[in-house]
Amino acid sequence: MKRKWGTLFLAGMLCFGLSGPPANAALVDIAGNTHESAIKQLYEQDIIGGYSDGTYKPDANITRSQVVRLLGRFIIREGYEIPEDALTDRRFEDIPSESDEELLQLSALLYEEGVFQGASGYLDPNNQMQRQHMAVVIVRMMHDVFEKDLVAEYKDAGFKTSITDIHKALDDEKREAITALEYAGITIVKQFNPSNTVTRGQFASFLVRALETAGEKNELNTSESGGEPIDQAGESSNDIVDRHEVSAEGQEGTGETKQLEQQAAADTVPGEELLTSENLESDTEFTETAQPVDFSKVKSAAITRGTPLYSSRNMKNQIGIWQNETFTVPVTYLADKHLVVVSAGGEKYYVTPAAVVPAALEESTSESEIVGAVRTENAYQLLDAPNGKAILSGNRMTKLQVVGMTDNYYKVKLGQKDGYIALSQTYINTRKNIKLAEATTFSAGGKAAGELAAGAVIKASGFDGSHYNIAVSGKTFTFPRQAVVETDEATGMAAVIPAKYPETITAQTDTTVKLSSGKVIGKIKANTTVELKNITASVGIIEFLGGAGYVNLSDFTHADVVNPTKNVTHHEMEYQLKVFNLLYPEFTELKTIGKSVEGRPIYALRIGNGKKEILMDASMHAREHMTTNVLMEMIDQYSYHYVRGSKFGSYQVKSVLDQASIWFVPMMNPDGVTLVQSGLNAVANKDLVRKINGSSNVARWKANIRGVDLNRNFDATWSSIILTPPYNVPAFKNYKGIAPFSEPEAKALRDFVLARPFKSYITYHSSGQIIYWGYDSMSNHTRNYNVVKSVANVTGYSIIPPNPKKPTAASESWFTKVKKMPAMTVEIAKYSGEGPVSFSQWEDVWRRNQTVGLVGAAEASKR
């Protein structure tokens, strides 16, 4: 009768949806294979199985999860039990609890027994098994399951390897394991090829030779066995990287207990003997208390000094020694096994009840909130204070929960008190997100670049032994490891969307950076230059260590926002106006003064804090959109010099604009400009435009989107304008509309003008290099002319005398009529025909007009 596989399989968890071949069936594809004999032996003993089609696929690579399944099932046959918390406490972080219960259980078993430790908390189940990793797993199994220490045996025998490529193994642990297999005759090759993968056939030979070496512990050819076939998966993935991860199976040697005992010796009180694995027999019997103890009621206890600590209820894999019998910790009694589970730093250690002395937890001095976790090196100690006495010594990588930091120690929760572990005995798995336990400076190019806030969660790119690095956008940022823990928390950092309108900004002070949630993640140092990626209604978005960081733009200054040598669209203008307002709220104000026919906002931006004000607008006519560039470049330059207290031309900008502010309306006709710049498909009323235009040439369009010339829609002498074909109906230019201010764009400017005490008005148009100005009265004629003359002097444009008898509905004429203040229409370029001004004229246009706003503000400040 075959032996049962244990309770794990009673529920049928070994079923993979594949039915194995009948017991007397032969594997059809192993004949003649180098590993045929080994495969047959394991197959006949039901240790391995084939595929449902009767094949074994001996040349297929075996994955790490397949090895876990096979070895896990095998050691269950040797009397080992699945950990009781295998399904609720994952040993490996890359096995989702809902995906594969059997793998969770078997991996937990192998982990607790020290056979399969993975890569810093990761199993990498789909990775193919490397030969060097397989060597370590086999040696561990021999040590922990069969109590045969092959490494110690070959060292005691003075055996020297003859394998020629052993130097290619990743570390000493793997080289020792390969040598041990050679010594035991489990491998008989001259070249081991450590990084090569292991085939299913090679695995069979490895295992058969290992079991033969185990001898009396496993009579392979006569023992009874039972169970299901090995898993049939054939997954593959990438190999493992990272300082700790490349040692995935091979971090634990056979000398760890000695190492931790030597470390613990330094903490022994004079005259007190440190209990070690040598003076503590494995079958030590502890004196029972005088009265029987009901352990089911014991919730906390002191642990007898020298008590062995085991990894699981199997009590076969010792992973540490308790060193301090005065320290009280929480315990849990397992009645079915008559064992006690000791909790320390979130890790479980198993001890016999004889080692437990019931005691109340001491008054709490521990910080309660867990901030994250760290992983220990293979040999470590938990102390009762920094540089204090050992509480326990461990000899296996352990994940501990951290509640704080002090000096170069992590604090871990031990009952009501804190235990301490030296930073040097821990590491962080860079596959996990990293959390800052305290504020930490980060650097770029060897210079301090900013600070990460306590509680910030980030993703590191790597670790060089002393610093973590984050490589983003061609830069590498580094920060020291002292204050970090690993965490399951998400970074909270949104992905950075490339900037549509890239702009460079510079921090004026050390500037706080937040997540979109408002949580502070860090700071950037003063004078740090970054690219502005985007904005919200109230803050700017920059790239901060690989994610989106939210900053107060008023902590920054700009260098050059506007590119005036190309079309500035309504959307770009809108964005840039908002940027200026967020950068400089102390001297700017942004208003929406109305909307176009199609609902596009019409914006006005104030620069300066002067109580006196002038108004400048542009792009009243759609094809004259270069005028928007003129005003946007003025905004760019004037604000740049204002915030720096510097001169632009001959003007001290801040001084001028703090006496008379400028209100800029850079695009009066956003629908029309959008049509001319982007074509019919960019506007909602394209069918109407096509009908009105009578041509595919929308570049000639001057009117608003429904064919009204905005500069003929103001009520100066609107009623006197005679409508003549073809401009007596909506047209691409010159149609005055059905009434004064019939158009929302004209109404917006009207209402804005009437609401503010403007001292003068300059409206920009594009063709002729001339200046029109409106007639008012003889009493104001000289004043108004002098204002126009001051602009003509800097631009070199000709002045066209006003003609009071000519009917007009232009904005400049209406302004002079209702405000009794100077106004002018400035035509910036040479005549360009029925289309936009060429950008070949830009340099000349800007040279002539760059100080016009300051000229107007300086003049207005005197009135």
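These numbers were taken from a predicted model, which means no experiment stands behind them.

Our focus in this paragraph is the overall build of the chain. Helix and strand counts for the chain come out as 18 helices and 38 strands. Burial analysis of the chain (863 residues in total) assigns 56% to the buried set. A separation threshold of at least 6 residues defines the contact pool for the chain, and within that pool the share at least 24 residues apart is 73%. A total of about 34900 Å² of accessible surface is found on the chain, and carbon and sulfur atoms cover 48% of it.

With that settled, consider the sheet that holds strand β27 (residues 540-544). Across the sheet, which stays open at both edges, the twelve strands sit in the order β19-β20-β21-β16-β17-β25-β24-β28-β27-β26-β23-β29 with antiparallel pairing between neighbours. Bordering the open sheet on either side are β19 (462-463) and β29 (556-558), each of which pairs with just one other strand. Here strand β20 (residues 467-472) pairs with strand β21 (residues 475-480) via six bridges, running antiparallel. By the bridge assignment, Tyr 468 is partnered in β21 with Phe 479. Packing against the sheet, helix α9 (residues 570-583) makes contact with β23 (503-507), β26 (529-535) and β29, and its axis sits at approximately 120 degrees to β26.

What follows deals with the pattern of salt bridges. What the rule picks out here adds up to 37 salt bridges. Residue Arg 375 is joined to Glu 93 by a salt bridge in which the shortest nitrogen-to-oxygen separation is 2.3 Å. One end of the pair, Arg 375, is in strand β8 (residues 372-376); the other, Glu 93, is in the loop between α2 (64-77) and α3 (101-112), with 282 residues separating them in the sequence. On the basis of relative accessibility, which here comes to 17%, the residue Glu 93 falls in the buried class. One salt bridge in this structure joins Asp 658 and Lys 654, with 2.8 Å as the shortest N-O distance. Within this structure, Glu 93, Arg 375, Lys 399, Lys 432, Glu 486 and Asp 488 form a network of salt bridges that share partners.

Another point: the nonpolar core. One finds Tyr 410, Met 634, Leu 657 and Tyr 764 to be the most contacted residues of the largest nonpolar core, which totals 121 residues. Ranked by residue count, the leading element in this core is helix α10 (residues 626-644), at eight residues. Counting residues in hydrophobic clusters, the runner-up holds 66 residues, among them Val 68, Val 198, Leu 207 and Leu 211.

Per-residue confidence for the chain gives a mean pLDDT of 85, with 87% of residues at or over 70. Segment residues 1-24: pLDDT under 50, and 44 contacts once partners within four positions in sequence are set aside and those in other chains are kept. Scored below 50 in pLDDT, residues 216-290 makes 193 contacts in the model with residues more than four places away or belonging to other chains.

Turning our eyes to something else, we now look at helix α7 (residues 200-214). Compared with the 21 Å implied by 1.5 Å per residue over 15 residues, the 21 Å span of α7 between its first and last C-alpha is a close match. Buried residues dominate α7, accounting for twelve of its 15 residues. Elements that come into contact with the buried residues of α7 comprise α1 (36-44), α2, α4 (131-144), α5 (150-156) and α6 (172-184). After α7 finishes, the residue Gly 215 shows a positive phi value of roughly 65 degrees.

The next subject is the packing of aromatic side chains. In this structure the tally under the stated criterion is 21 aromatic pairs. When the ring of Tyr 501 is compared with that of Tyr 575, the centres are 5.5 Å apart and the planes differ by 40 degrees; the resulting orientation is tilted. Residue Tyr 501 is found in the loop between β22 (484-487) and β23, and its partner Tyr 575 is found in helix α9; the two are separated by 74 residues along the sequence. On the numbers, 5.9 Å between centres and 40 degrees between planes, the contact of Phe 714 with Trp 814 is tilted. Of the two residues, Phe 714 is situated in the loop between α13 (686-693) and α14 (744-755) and Trp 814 in helix α16 (residues 811-819); the sequence distance between them amounts to 100 residues. Judged by its relative accessible area of 0%, Phe 714 is buried. Accessibility expressed as a relative area gives 4% for Trp 814, which makes it buried. In this structure an aromatic cluster arises from ring pairing among Phe 442, Phe 477 and Phe 544.

This paragraph deals with the pairing of strand β25 (residues 520-524). Pairing of strand β17 (residues 447-452) with β25, which is carried by three bridges, proceeds in the antiparallel orientation. Counted as the bridge partner of Gly 450 is Ile 524 from β25. Strand direction decides the pairing type here: strand β24 (residues 511-514) and β25, joined by four bridges, are antiparallel. Looking across to β25, one finds that Val 513 is bridged to Gly 522. In this antiparallel pair of consecutive strands, β24 and β25, the connection spans five residues, and Gly 518 shows a positive phi of 100 degrees.

So, on to the environment of Glu 486. Within the secondary structure layout, Glu 486 lies in strand β22. Between the C-alpha atom of Glu 486 and that of Lys 399, which follows or precedes it by 87 residues, the distance is 9.9 Å. Discounting chain neighbours no more than four positions away, the residues touching Glu 486 are Glu 93, Gly 372, Ala 373, Arg 375, Lys 399, Ile 428, Asn 429, Lys 432 and Asn 433. Engagement of the side chain of Glu 486 in a polar contact is seen with the side chain of Arg 375, the distance being 2.6 Å.

Our focus in this paragraph is the side chain of Thr 179. One can find Thr 179 in helix α6. Of the residues examined, Thr 179 reaches a relative accessible area of 5% and is grouped as buried. Separated by 2.8 Å, the side chain of Thr 179 and the backbone oxygen of Arg 175 make a polar contact. If near-sequence neighbours (up to four positions away) are discounted, Thr 179 is found in contact with Tyr 154, Phe 159, Thr 161 and Ile 166.

So, on to the environment of Asp 384. When you line up the elements, Asp 384 lands in the loop between β9 (380-383) and β10 (390-394). Looking at Asp 384, the relative accessible area reads 28%, which means it is partly exposed. C-alpha separation for the pair Asp 384 and Tyr 420, spaced 36 residues apart in sequence, amounts to 6.2 Å. Residues contacting Asp 384, with those up to four places away along its chain left out, are Asn 324, Phe 327, Lys 389, Ile 391, Asp 418 and Tyr 420.

Reading guide: rules and limits
- Residues numbered from 1 in each chain as written.
- Predicted model: local features only at pLDDT ≥ 70, side-chain atom pairs only at ≥ 80, totals over all residues.
- Heavy atoms only, no water.
- Helix = DSSP H or I, 4+ residues; strand = E, 2+ residues; numbered from the N terminus.
- Buried < 20%, exposed > 50% of the residue type's maximum accessible area, 1.4 Å probe, protein only.
- Contact = heavy atoms within 4.5 Å.
- Areas by Shrake-Rupley, 256 points an atom, 1.4 Å probe, with all protein chains shown as cover.
- Pairing = 2+ DSSP bridges.
- Axes fitted to C-alpha atoms, helices over the stretch in contact; angles between N-to-C directions.
- Salt bridge = Lys/Arg side-chain N within 4 Å of Asp/Glu carboxyl O.
- Core = buried A, V, L, I, M, F, W, Y, C linked by side-chain atoms within 4.5 Å.
- pLDDT = per-residue confidence, 0-100.
- Expected span 1.5 Å × (residues − 1).
- Phe/Tyr/Trp six-rings, centres within 6.5 Å; stacked < 30°, edge-to-face > 60°.
- Polar contact = N/O pair within 3.5 Å; in protein donor to acceptor, adjacent residues only side chain to side chain.

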